[in-house]
Protein chains: 6
Amino acid sequence: MTNSPVTARPFAPASRLWADLSGPALTSLLTERSIAVVPIGAIEHHGPHLPLRTDALVAEAVATAAVERVAAQGIDAWLLPTITCAKSDEHHWAPGTLWLEGTTVLDVLIDLGRSIAATPARTVVFINGHGGNVMLLGWANRELRRRFGLRTFSMPAGVGGPGDGLDGRPDERGQGIHGGFAETSVVMHLAPHLVAPEMPARNVPEHIAGLKHIGFNGKPVMFGWTSDDFGPEGVIGDATGANAEYGAELFARGVDFVCEALAEIEGFVFG
Amino acid sequence: MTNSPVTARPFAPASRLWADLSGPALTSLLTERSIAVVPIGAIEHHGPHLPLRTDALVAEAVATAAVERVAAQGIDAWLLPTITCAKSDEHHWAPGTLWLEGTTVLDVLIDLGRSIAATPARTVVFINGHGGNVMLLGWANRELRRRFGLRTFSMPAGVGGPGDGLDGRPDERGQGIHGGFAETSVVMHLAPHLVAPEMPARNVPEHIAGLKHIGFNGKPVMFGWTSDDFGPEGVIGDATGANAEYGAELFARGVDFVCEALAEIEGFVFG
Amino acid sequence: MTNSPVTARPFAPASRLWADLSGPALTSLLTERSIAVVPIGAIEHHGPHLPLRTDALVAEAVATAAVERVAAQGIDAWLLPTITCAKSDEHHWAPGTLWLEGTTVLDVLIDLGRSIAATPARTVVFINGHGGNVMLLGWANRELRRRFGLRTFSMPAGVGGPGDGLDGRPDERGQGIHGGFAETSVVMHLAPHLVAPEMPARNVPEHIAGLKHIGFNGKPVMFGWTSDDFGPEGVIGDATGANAEYGAELFARGVDFVCEALAEIEGFVFG
Amino acid sequence: MTNSPVTARPFAPASRLWADLSGPALTSLLTERSIAVVPIGAIEHHGPHLPLRTDALVAEAVATAAVERVAAQGIDAWLLPTITCAKSDEHHWAPGTLWLEGTTVLDVLIDLGRSIAATPARTVVFINGHGGNVMLLGWANRELRRRFGLRTFSMPAGVGGPGDGLDGRPDERGQGIHGGFAETSVVMHLAPHLVAPEMPARNVPEHIAGLKHIGFNGKPVMFGWTSDDFGPEGVIGDATGANAEYGAELFARGVDFVCEALAEIEGFVFG
Amino acid sequence: MTNSPVTARPFAPASRLWADLSGPALTSLLTERSIAVVPIGAIEHHGPHLPLRTDALVAEAVATAAVERVAAQGIDAWLLPTITCAKSDEHHWAPGTLWLEGTTVLDVLIDLGRSIAATPARTVVFINGHGGNVMLLGWANRELRRRFGLRTFSMPAGVGGPGDGLDGRPDERGQGIHGGFAETSVVMHLAPHLVAPEMPARNVPEHIAGLKHIGFNGKPVMFGWTSDDFGPEGVIGDATGANAEYGAELFARGVDFVCEALAEIEGFVFG
Amino acid sequence: MTNSPVTARPFAPASRLWADLSGPALTSLLTERSIAVVPIGAIEHHGPHLPLRTDALVAEAVATAAVERVAAQGIDAWLLPTITCAKSDEHHWAPGTLWLEGTTVLDVLIDLGRSIAATPARTVVFINGHGGNVMLLGWANRELRRRFGLRTFSMPAGVGGPGDGLDGRPDERGQGIHGGFAETSVVMHLAPHLVAPEMPARNVPEHIAGLKHIGFNGKPVMFGWTSDDFGPEGVIGDATGANAEYGAELFARGVDFVCEALAEIEGFVFG
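This structure is a prediction, so every number in the text was calculated from the model and none was measured.

Go over the overall build of chain A, please, and point to the residues and values.
Secondary structure summary: chain A contains 7 helices and 5 strands in total. Each helix and strand of chain A, ordered N terminal to C terminal, gives the series α-β-α-β-α-β-α-β-α-α-β-α. The C-alpha atoms of chain A give 20 Å as radius of gyration, which agrees with the globular expectation for 271 residues (18 Å, within 12%). The principal-axis extents of the C-alpha atoms in chain A amount to approximately 75 × 35 × 35 Å. Taken across its 271 residues, chain A has 64% of its residues classed as buried. Carbon and sulfur atoms make up 55% of the accessible area of chain A, which totals about 8,700 Å². Computed over 19 positive and 30 negative side-chain charges, the separation of the two mean positions in chain A equals 10 Å.

Got a sec to walk through the sheet that holds strand E1 (residues 35-40) of chain D? Specific residues and values, please.
Note: strands within a sheet are paired through backbone hydrogen bonds, in either parallel or antiparallel orientation. Taken in spatial order, the 5 strands make up an open sheet running E5(B)-E4(D)-E3(D)-E1(D)-E2(D), and their pairing is mixed. Of all strands in the sheet, those with a lone pairing partner are strand E5 (222-223) of chain B together with strand E2 (77-79) of chain D, marking the two edges. In this structure, E5 of chain B lies alongside strand E4 (residues 151-156) of chain D, joined through 2 bridges in antiparallel fashion. What sits directly across from Phe-223 of chain B, in E4 of chain D, is Phe-153 of chain D. This element, helix H4 (residues 134-148) of chain D, spans E5 of chain B together with E1, strand E3 (123-128) and E4 of chain D of the sheet and lies at about 170 degrees to E4 of chain D.

Please provide a residue-by-residue account of the interface of chain B and chain D, values included.
With 47 residues of chain B at the interface, the matching set in chain D holds 47 residues. Surface buried jointly by chain B and chain D totals about 4,400 Å² across both partners, of which 62% is contributed by carbon and sulfur atoms. Where chain B packs against chain D, one counts 10 salt bridges. One salt bridge connects Glu-101 of chain B with Arg-147 of chain D, and the closest N-O pair in it is separated by 4.0 Å. Viewed at the interface, chain D and chain B are joined by 24 residue pairs in polar contact (both at pLDDT 80 or more). Of all the secondary-structure elements, those providing two or more residues to the side of chain B that touches chain D are helix H3 (102-117), helix H4 (134-148), strand E4 (151-156), helix H6 (206-209), E5 and helix H7 (244-270) of chain B. Among the elements that line the side of chain B that touches chain D, the one with the most residues is H4 of chain B, at 11 residues. Partitioned by chemical class, the residues of the side of chain B that touches chain D number 21 nonpolar, 13 polar and 13 charged.

How would you sum up the environment of Ala-86 of chain C? Please name residues and give values.
Residue and element names in this part refer to chain C. Of note, Ala-86 is situated in the loop between strand E2 (77-79) and helix H3 (102-117). Ala-86 gets classed as buried once you look at its relative accessible area, which sits at 0%. Between the C-alpha atom of Ala-86 and that of Phe-268, which follows or precedes it by 182 residues, the distance is 28 Å. Non-local contacts of Ala-86, meaning those with residues more than four positions away in its chain, are made with Ile-40, Gly-41, Ala-42, Leu-98, Trp-99, Leu-100, Val-105 and Asn-133.

Now, about the packing of aromatic side chains: what can you tell me, with residues and values included?
For the structure on display, the rule yields 51 aromatic pairs over all chains. Seen from their ring centres, Phe-223 of chain B and Phe-268 of chain D are 5.4 Å apart, and the 85 degrees between their planes marks the pair as edge-to-face. Of this pair, Phe-223 of chain B sits in strand E5 while Phe-268 of chain D is found in helix H7 (residues 244-270), placing the two residues in two different chains. With a relative accessible area of 9%, Phe-223 of chain B lands in the buried category. We classify Phe-268 of chain D as buried; its relative accessible area is 14%. Of the aromatic side chains, those joined through ring pairs into one cluster are Phe-153 and Phe-268 of chain A together with Phe-216, Phe-223, Trp-225 and Phe-230 of chain C.

With reference to specific residues and values, describe the arrangement of the chains.
Spatially, chain A is disjoint from chain D: no contact exists, and the shortest C-alpha separation is 15 Å. There is a clear gap between chain B and chain E: no contact, and 19 Å between their nearest C-alpha atoms.

So what's going on with the interface of chain A and chain C? Which residues, and what values?
Between chain A and chain C, the contact holds 47 residues from the first and 47 residues from the second. When chain A packs against chain C, the two sides together hide about 4,400 Å² of surface, and 61% of this comes from carbon and sulfur. On inspection of chain A and its partner chain C, the count reaches 10 salt bridges. Across the pair Lys-212 of chain A and Glu-260 of chain C runs a salt bridge, and its minimum N-O distance is 2.9 Å. The interface formed by chain A and chain C contains 24 residue pairs in polar contact (both at pLDDT 80 or more). Secondary-structure elements contributing two or more residues to the side of chain A that touches chain C are helix H3 (102-117), helix H4 (134-148), strand E4 (151-156), helix H6 (206-209), strand E5 (222-223) and helix H7 (244-270) of chain A. No other element matches H4 of chain A, which puts 11 residues into the side of chain A that touches chain C. Looking at side-chain class alone, the side of chain A that touches chain C contains 21 nonpolar, 13 polar and 13 charged residues.

Got a sec to walk through the pattern of salt bridges? Specific residues and values, please.
Evaluated as defined, the whole model comprises 113 salt bridges over all chains. In this structure, Glu-143 of chain C and Arg-147 of chain C form a salt bridge, with 2.8 Å as the shortest nitrogen-oxygen distance. Of the two residues, Glu-143 of chain C and Arg-147 of chain C are both situated in helix H4 (residues 134-148); the distance of 4 residues between them amounts to about one turn of the helix. On the accessibility criterion, Arg-147 of chain C (39% relative accessible area) is partly exposed. Residues joined in a network through salt bridges with shared partners are Arg-169, Asp-171, Arg-173, Arg-202, Glu-206 and Asp-238 of chain A.

How would you sum up the relation of the copies chain B and chain D? Please name residues and give values.
Screw-axis analysis of chain B against chain D gives a translation of 0.0 Å along the axis, an RMSD of 0.0 Å, and a rotation angle of 180 degrees. Taken together, the rotation angle and the small translation identify this as a two-fold axis. Identified as the residue of chain B closest to the rotation axis by C-alpha distance is Met-135 of chain B, at 2.3 Å. The share of interface residues of chain B whose copies in chain D are also at the interface is 100%, consistent with both copies meeting through the same surface.

Please set out the packing of helix H5 (residues 181-190) of chain D against H7 of chain D residue by residue, giving values where relevant.
Residue and element names in this part refer to chain D. Taken N-terminus to C-terminus, the directions of H5 and H7 make an angle of 95 degrees; their axes are 7 Å apart at the nearest point. As far as their axial angle goes, H7 and H5 are roughly perpendicular. Contacts between H5 and H7 pair Phe-181, Ala-182, Ser-185, Val-186, Met-188, His-189 and Leu-190 from the former with Ala-244, Tyr-246, Gly-247, Ala-248, Leu-250 and Phe-251 from the latter. The class makeup of the residues in the contact of H5 with H7 is 10 nonpolar, 3 polar and no charged.

If you had to explain unusual backbone geometry to someone new, which residues and values would you point to?
Peptide bonds are, in most cases, trans, and in most cases residues other than glycine have a negative phi. Residue and element names in this part refer to chain A. Located in the positive-phi region is Arg-173, a residue other than glycine, with phi close to 55 degrees. Within the fold, Arg-173 resides in the loop between E4 and helix H5 (181-190). On the accessibility criterion, Arg-173 (42% relative accessible area) is partly exposed.

Give me helix H2 (residues 54-72) of chain F: which residues, what numbers.
Residue and element names in this part refer to chain F. For H2, with 19 residues, the first-to-last C-alpha span of 27 Å sits near the 27 Å given by 1.5 Å per residue. Along H2, the residues that are buried comprise Thr-54, Asp-55, Ala-56, Leu-57, Val-58, Ala-59, Val-62, Ala-63, Ala-66, Val-67, Val-70 and Ala-71. Where H2 is buried, its residues touch strand E1 (35-40), strand E2 (77-79), strand E3 (123-128), helix H5 (181-190) and helix H7 (244-270). Downstream of H2 by a residue or two, Gly-74 has a phi angle that is positive, lying close to 100 degrees.

Describe the relation of the copies chain A and chain C, with residues and values.
The transform that puts chain A on chain C rotates by 180 degrees and translates by 0.0 Å along the axis, for an RMSD of 0.0 Å. A high fraction, 100%, of the interface residues of chain A reappear at the interface in chain C, so the copies pair face to face through one surface.

I'd love a proper account of the pairing of strand E3 (residues 123-128) of chain B, names of residues and values included.
Residue and element names in this part refer to chain B. The buried count for E3 comes to 6 of 6 residues, which makes it a mostly enclosed element. Here E3 shows a buried face lined by Thr-123, Val-125 and Ile-127 and a second buried face lined by Val-124, Phe-126 and Asn-128. Relative to E3, strand E1 (residues 35-40) runs parallel, the two being bridged by 6 bridges. When the bridges of E3 are listed, Pro-39 appears paired with Ile-127. Strand direction decides the pairing type here: E3 and E4, joined by 6 bridges, are parallel.

Explain the nonpolar core to me, and be specific about the residues and the numbers.
In terms of nonpolar packing, the biggest core is built from 211 residues, with Trp-18 of chain A, Trp-18 of chain B, Trp-18 of chain C, Trp-18 of chain D, Trp-18 of chain E together with Trp-18 of chain F touching the most fellow members. Once you skip the residues sitting within four places of it in the chain, Trp-18 of chain E turns out to touch Leu-52, Gly-96 and Leu-98 of chain C together with Leu-26, Leu-30, Ala-36, Trp-78, Leu-79, Leu-80, Ile-116 and Thr-119 of chain E.

Explain the sheet that holds strand E4 (residues 151-156) of chain E to me, and be specific about the residues and the numbers.
With mixed pairing, 5 strands are arranged side by side in an open sheet as E2(E)-E1(E)-E3(E)-E4(E)-E5(F). The open sheet is flanked by strand E2 (77-79) of chain E together with strand E5 (222-223) of chain F, the only strands paired with a single partner. Packed onto the sheet, helix H7 (residues 244-270) of chain E meets strand E1 (35-40), strand E3 (123-128) and E4 of chain E together with E5 of chain F and runs at close to 160 degrees relative to E4 of chain E.

Criteria and thresholds
Residues numbered from 1 in each chain as written. Chains lettered and ligands numbered in written order. Predicted model: local features only at pLDDT ≥ 70, side-chain atom pairs only at ≥ 80, totals over all residues. Heavy atoms only, no water. Helix = DSSP H or I, 4+ residues; strand = E, 2+ residues; numbered from the N terminus. Rg over C-alpha atoms; globule rule 2.2 N^0.38 Å. Buried < 20%, exposed > 50% of the residue type's maximum accessible area, 1.4 Å probe, protein only. Areas by Shrake-Rupley, 256 points an atom, 1.4 Å probe, with all protein chains shown as cover. Lys, Arg positive; Asp, Glu negative; His and termini not counted. Charge placed at Lys NZ, Arg CZ, Asp CG, Glu CD. Pairing = 2+ DSSP bridges. Contact = heavy atoms within 4.5 Å. Axes fitted to C-alpha atoms, helices over the stretch in contact; angles between N-to-C directions. Buried area = accessible area lost by both parts, 1.4 Å probe. Salt bridge = Lys/Arg side-chain N within 4 Å of Asp/Glu carboxyl O. Polar contact = N/O pair within 3.5 Å; in protein donor to acceptor, adjacent residues only side chain to side chain. Nonpolar A, V, L, I, M, F, W, Y, C, P; charged D, E, K, R; others polar. Phe/Tyr/Trp six-rings, centres within 6.5 Å; stacked < 30°, edge-to-face > 60°. Least-squares fit on C-alpha atoms with pLDDT ≥ 70 in both. Parallel < 35°, antiparallel > 145°, perpendicular 65-115°, else oblique. Expected span 1.5 Å × (residues − 1). Core = buried A, V, L, I, M, F, W, Y, C linked by side-chain atoms within 4.5 Å.

Structural data, given as structure tokens:
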């Protein structure tokens, strides 16, 4: 008639945050179907109009919303603390950027993988808010797979291709990758008080848009740029006319995408 | 009669968060008297009753409150993002702990120092919520000084000596260092919904309390313990009777201490 | 009437191979417009029908042909020795694979960059025959830019997107990425004596082809696969019907692409 | 009636020095109760009056005396070679200092731990003569515990708190931490021929002594100082009146402390 | 009546090149008696008359000839891809040199060893064309033995002692170690089109030849030279009169030596 | 008539030990002609009859005697602390050996080089008692030269070739490299109380002595041996009949050699 200590579940708050749980609660709740979701952003120069934490803000907001939604749908996703500072060496020239060496971030990810592999969870998903992390995450996916046997995935917080990946204005010609129309709109939606009332001047690298092979995303030739290659303000794109309404739409689209992707991952790994 | 672009200040929100600023705003606002305040915690097993993020929670809460207060008093302190995962190798055995190798954390701190040194700020203060980071921070203080010329300081988020450093119950005999009366009380104050209604059994290592030379803090002989040395629950102390009132008092005392220390640092460096 | 020693040019053979030159000849011939072209491949399992050196073979063949052609057109390209063994951790399970840790390859590339930066050349282009190197090269591009001020580019030896990147059979559904129709055809063109007379069974991961978000290339969700995830033979694709004629066509297309890209790079950097 | 080869003990000299033994003798004599005692010092600037090897001298002398005494009392302690050069980055500015990067020393300690773990001994005790090693040793204690399962301890060669730890003159106000009254007295006792006849001028950082939170030892705020912060001579304290008699007393007290601590360690680990 | 798939041997070309095989062919053909032969050279300044790839050229040519000959004699030797760039820090000052940090090369060799240890082969032999690699290879031999249990050997591509090791002119007094008579002759034999028609001036460090203890090879005192210590051309020796006939003789002698040595190794390991 | 502070020399004891000096004395006494002499040994298994510290003992004794003698002859040599534990991975299997990873020792040497380069001395000489350090020292010589501009040399403590390098009994056939006749004799001379009364059985690897190319020293093929390849006692040689008289002679010869070599170095660098 009594609850034996053996069957008693440790206390667990109603939360999908990994670190809100106690260790025993986490061990008790997680299973091999659990998915560890890790937002990763950046603290880096985004022009005079956006906060340094733009990428961390977006990654965390999208991942938080997505984890809550998919968890309600029965996917056992858990949100780990956001990796705020990451691989921002392309903005190393700009004071305020908190950039880590790529190998430092890789070590952080490997150590996280080792820690996660000590729990029942076998799947890790990185939700990435910063284009400069894409290569690193592709690399880390494989390290964590080989070293710890984890199933690993990475995806942008937005809906575009690899990179910052948010849809911009047509006249940005696909070059609105840093502090441009889309990103500015999303921050205006998420944290309007952090956005300057004045937008910086349009700064679209037309010469790159016109190239056939070399480009930021979706073209076959990658190049080792730093953000001051395109002007002293470190903006690549055109934030003119950015607005919170469009930001809300993009944000919703980003959350939808991540939710769909998490569901697809669950089917792919366990289905 | 017009604002020349040269003299125009970049937009800056009313915030003491480093990463809320844009890069140009940060460059414009910070001076050589600015102090970069970095909370550092841990995500680690704290027994069945406390969340994994206990140390990160406390460090961030204390640092946030302190930065706001001292800034209002004219000290130019800025809060950087919390380092959530750090050196928790003493809890590596406990699933849920997200522990980084010590050398990984050291690299993170060195990279942060390099980034901060690229701004006008010359002073860094670590507010530490986790005893296992103390040695690392002492080491990092000197690395950042030697490598980048920064003035560096580290202190516990609480008022005790080096370590988790919060006052416990007298009958914990100074051994309430992990998940004990004081720490549990503070979390009950800061995040009551994350604390289990039942406290774990008292687990005070009486044999250590009785030693003359060996001990956790304040004794001359250090030792290489892991938290499962003291029982399977990973608690060291006695959380019985912990309460939010005492937690609020301790928290206030911690914030007072950090504020006083920041003021003392300002006088020491610039006075 | 005499050749003064000062104006005498060091002897240089008629060659576009960097290492065919003597040190003084190289110093004398290269200018700030020179482009160092570095083929990078892999020595890794490619199924029972293809040689381990498939990726190194293709990268070197394409790069050699392209450097000769563009040099004849007045682009000052120089071919460095092929990096044969590289980041093949996804095939680490397969005996014969000579895989280097990613960080080892990164160190090799950084050291190469340092060496190249000591010459008049300021531009480096990696011609890559192995999909597993793509992330690494994107990372290395930026390291060499930041550390040594080099202008850096990377591209596939073929014409596809990032990765092995050669067109396959339509019924491979875009999954013919390793030992499939296209790659086998190219090796049949370049080194027919190294290709087995019997092709392995079709091995197209249909379940991945059908996914919306997760995929090898061109889809937004990357994953940490190893090649034995898709069957014991380590082939991903369908080599049935591969033939040297199609291989010749693909090879020609690859060389055309690299030549065009090198010309575009010259215009981009110096134009 | 004959000694069988199996039971024959290898020859062993009457010595408590680990390295005086042969390998087989060490294997034969050591048991799981054996304690490996490792003195660690520094070769670093100690002002114009003290030898560079002050810290190595004191650590070795104290450890040697203590091992002999406790061995005579039945504690199976063995003295390993002194680590002479260690973490002296706070004196890197001073010619003559032989300083190792902290990570180098950490690697040395990890390698030593691996070696010790291959013998029957399971316990390691560091006797430390240099305050700058304290953090490192606390860190190393845990690494050796986690990696090799060793029981690890560290303690100052003197009787004070963490740091150089010897009692000074009252008017040094607790700041006599480097080349001050106590340390000079001990060297006058141990190696009078190495001490200059003239003492440097008093150099007590009064401004620090008067601080409430920031300090060298025993105060909660640590800071990243280098020894030239306190004047060009690199002395912190007041050696005026130092004398061999007081040095002898301090030395005896240090040996007593270490002996007591070793006995306590034995009881703690094996009792 | 049919060949069952189980007993079918994978296709293998008639080649002794490791990387010409497919993975399954390699697994099928190699046994524990197989010997992995790894040529290692350098891309480094060799004076105005020799190509940068002199050492890689010689190592590869000698190793290729030797592997073919011993394989025909029943020794199961397999040739791996040449390591072209290696430890050339003594020529780091000379543009064109592609030098890797010693630790980078060591990591490459360790990774290769790990890969080879995953095949049936248990023996690795390095054929070295560059004196600057000798120490590194001696070190690597032991690392690969200890870490992976491989039997490891290293030898010069020529017949001399450790180092570049080719016989020179008597009046070079044993100092013809870099771009001198012997090496130049061998390159004239192997790649006459890459050798300048004019030889550089004699540059024999007579002062070293006359020393009793200090020297390049065969003397007990080693020293940390760089090749510009001996003049701006980076040549050490006297190439006057070098000729392809003598080069052919030296090359033949080098191949004979390596063949003999490989046979001796087989007897030593397996005999 | 008064001593001006400018001309006052800091106190310096009558000692040639670097670390006996104070920092200011060292700065005052050393010049660009000063030579930093660093003994390096090993703590490793040397059979059942010799102490683990054999190599450290010999290196330190030879170096000490040599520095005193050449200093009396006007060469400004200074003795640094002995590096006792070094690269002994070939004895890693034998309990009692204190072996460091090769890269750890390399880091120690680089850090020492950085420290020495901060003094007036520009020349470093390693006196080596352990064959396993030879490759490492050759490597380190070049690193210290390239990184810090130091003139660097390494030599055996004995008179033989590279390696332990002491003459043995003729019937050891040149294989008495570890715990054999010569080394045992030297230890009987230097520390008779540490040598066992019974010598181990003769253990000369005749099969190696008979080889033409493969060997420990002076043969062109190096191999990756560990000392247990030659029997369980870890001895390579024949200590039978070893005696202190011969040891005294060898020791004297070793000191003579090192003195001659130091004089030659002085002439080579400064002459």
